Amino acid sequence: MRKNLSTKQVEKYSRQIVLKNVGIIGQKKILDSSVLVVGAGGLGCPVIDYLSRAGVGLIGIIDYDKVDASNIHRQSIYTYKDIGKYKVEVLKKKLNKINPLIKINTFKKKINKKNINNLIKKYQIIIDASDNFNTKFLLNEKSIEFKKKLIVGAISKFDGHIFVFNFKNQKTACLRCFYQEKPSDQVLNCDQEGILGTTANIVGSLQANEILKSIIGSKNVLENSILILNTLTLRVRIVKFNKIKKCICEF
C-alpha cells in the first residue's frame, strides 16, 4: 500500500476520506486497486464513471461497439456528438478529464476464450457489465480459475440483478450455482425487451457501490446472494443461495 496521499488526492477525495468506513486507509486501498469492466453500455457507464471519480487506480475497459443513437437514453457518459465513435475511445478521453490522477486501459475487442486469460490476469476485480449470458458464464469460469473477485450485473425492462463473488474464498458459490442452466438468448435483449434508462443507471451505480465496498474490505457485501430490484414497483430483495455439488466452482 502507498505511504502517503498527495495534497491533490486529499483534496479530491476528501468527502470519501471523512467517512469512518473509508478514511485514509480505505482511500489508499481504492487508489491501489485495479478493476476490469467488461462492457461499456448501460451498466458499464455508471460503473466506470463512479469508479473513476472514487479514485480506482487502474481501470480496464473492454468493449468493441460504437456509440449508437439508441444508446444515449441510458448510457450516461455518451452524447450525440459521440455517435459513430468507438465507446472505449470516447470513454478514455472523457475519463482523463474527469480524473487525470488514475490510469485507464482500453481494449477495443470482444472478450472470448482465446484472449480472456491475458485480459483479466492483471486486475484484482472483474466487473461483468455485459448484455449476454455467454460472456457472463465465461467471466465466471475464468474468475474461478484465477481466483478473482467477480461482480455481475444484469438488467432488463424495469428489473435488475447484482451478484458478488469472491473466488479467493473456497466457500463462495458461483453464477452457475444460481443459473444451473443458461437462460435463453432472448433474456437481457434490450432491443426486444426494452430497458428504462434509470434502471440501467441505478443497477450500475449499485454495482459500483459493491465494488468500492469490496475494495475497502466492508463486511456488508452480497456474497452468496443476489440483489433483485424492480424500478417500477420499487421492490428490493436479497436472496441467498448455496454452492451446489459438482459445480465448476468446487475447488
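Here goes a summary of the coordinates provided. Since the model is a prediction, treat every value here as computed from it, not as a measurement. (Residues numbered from 1 in each chain as written. Predicted model: local features only at pLDDT ≥ 70, side-chain atom pairs only at ≥ 80, totals over all residues. Heavy atoms only, no water.)

1. As for the nonpolar core
Here is the rule: Nonpolar core, defined: a set of buried Ala, Val, Leu, Ile, Met, Phe, Trp, Tyr and Cys residues in which side-chain atoms within 4.5 Å join the residues together. Exposure is judged per residue with a 1.4 Å probe applied to protein chains only, and the accessible area is read against the type maximum: over 50% gives exposed, under 20% gives buried, and values in between give partly exposed. Secondary structure elements follow DSSP: runs of H or I no shorter than four residues count as helices, runs of E no shorter than two count as strands, and numbering proceeds from the N terminus.
Ranked by internal contacts, the top residues of the largest apolar core, which has 46 residues, are V35, L51, I61 and I211. A per-element tally of this core places helix α10 (residues 197-216) first, with 7 residues. Judged by nonpolar contacts, the second largest core, of 31 residues, contains I111, F133, A173 and C174.

2. Side note on the packing of helix α4 (residues 44-54) against helix α5 (residues 87-98)
Threshold: Where helices are involved, their axes are fitted lines through C-alpha atoms of the stretch in contact, as for all axes, and angles between N-to-C directions lie from 0 to 180°. Here roughly perpendicular refers to angles of 65 to 115 degrees, roughly parallel to angles under 35, roughly antiparallel to angles over 145, and oblique to all remaining angles. We call a crossing left-handed when the near helix sits turned anticlockwise from the far one by less than a right angle, and right-handed when that turn is clockwise. Note on definitions: a residue-residue contact is assigned when non-hydrogen atoms from the two residues lie within 4.5 Å. All residues other than Ala, Val, Leu, Ile, Met, Phe, Trp, Tyr, Cys, Pro, Asp, Glu, Lys and Arg, Gly among them, are scored as polar; the first ten of these are nonpolar and the last four charged.
At their nearest, the axes of α4 and α5 sit 10 Å apart, and the two run at 30 degrees to each other. Classified by the angle between their axes, α4 and α5 sit roughly parallel to one another. The two elements α4 and α5 meet at a crossing, and its hand is right-handed. Two secondary-structure elements touch here, α4 through I48, D49, S52 and R53 and α5 through L91, L95 and I98. Looking at the contact of α4 with α5 residue by residue, the class counts come to 4 nonpolar, 1 polar and 2 charged.

3. Description of the pattern of salt bridges
Just so we agree on the cut-off: Definition used for salt bridges: Asp or Glu carboxyl oxygen within 4 Å of a side-chain nitrogen of Lys or Arg.
If you walk through the whole model with that rule in mind, you get 6 salt bridges. Across the pair D128 and K136 runs a salt bridge whose closest N-O atoms are separated by 2.4 Å. We classify D128 as buried; its relative accessible area is 0%. Judged by relative accessible area, which is 1%, K136 ranks as buried. We note a salt bridge from K142 to E145, for which the minimum N-O separation is 3.0 Å. Taken as a pair, K142 and E145 lie in helix α7 (residues 133-145) at a separation of 3 residues, close to a single helical turn. According to the relative accessible area criterion, E145 is partly exposed, its value standing at 45%.

4. Some details on the sheet that holds strand β1 (residues 34-38)
Hydrogen bonding along the main chain pairs the strands of a sheet, whether they run parallel or antiparallel. Rule in force here: At least two DSSP bridges between two strands are needed for those strands to be called paired.
With mixed pairing, 8 strands are arranged side by side in an open sheet as β3-β2-β1-β4-β5-β6-β7-β8. Bordering the open sheet on either side are β3 (103-107) and β8 (235-240), each of which pairs with just one other strand. Shown here is a sheet whose adjacent strand axes are inclined to one another by a mean of 15 degrees, direction ignored. Sheet topology places strand β4 (residues 125-128) next to strand β5 (residues 149-156); 4 bridges connect them, and they run parallel. Note on β5: the bridge partner recorded for I126 is L150. α5 rests against β2 (58-62) and β3 of the sheet, and its axis sits at about 175 degrees to β3. α7 contacts β1, β4 and β5 of the sheet and is inclined by roughly 170 degrees relative to β5.

5. Topic: α4
Among the 11 residues of α4, 9 are classified as buried, and the element is accordingly described as predominantly covered. Taken residue by residue, α4 has G44, C45, P46, V47, I48, D49, L51, S52 and A54 as its buried positions. Trailing α4 by a residue or two, G55 shows a phi angle of about 105 degrees, which is positive.

It is worth stressing that arrangement in space is one thing and function is another; only the former is reported here.
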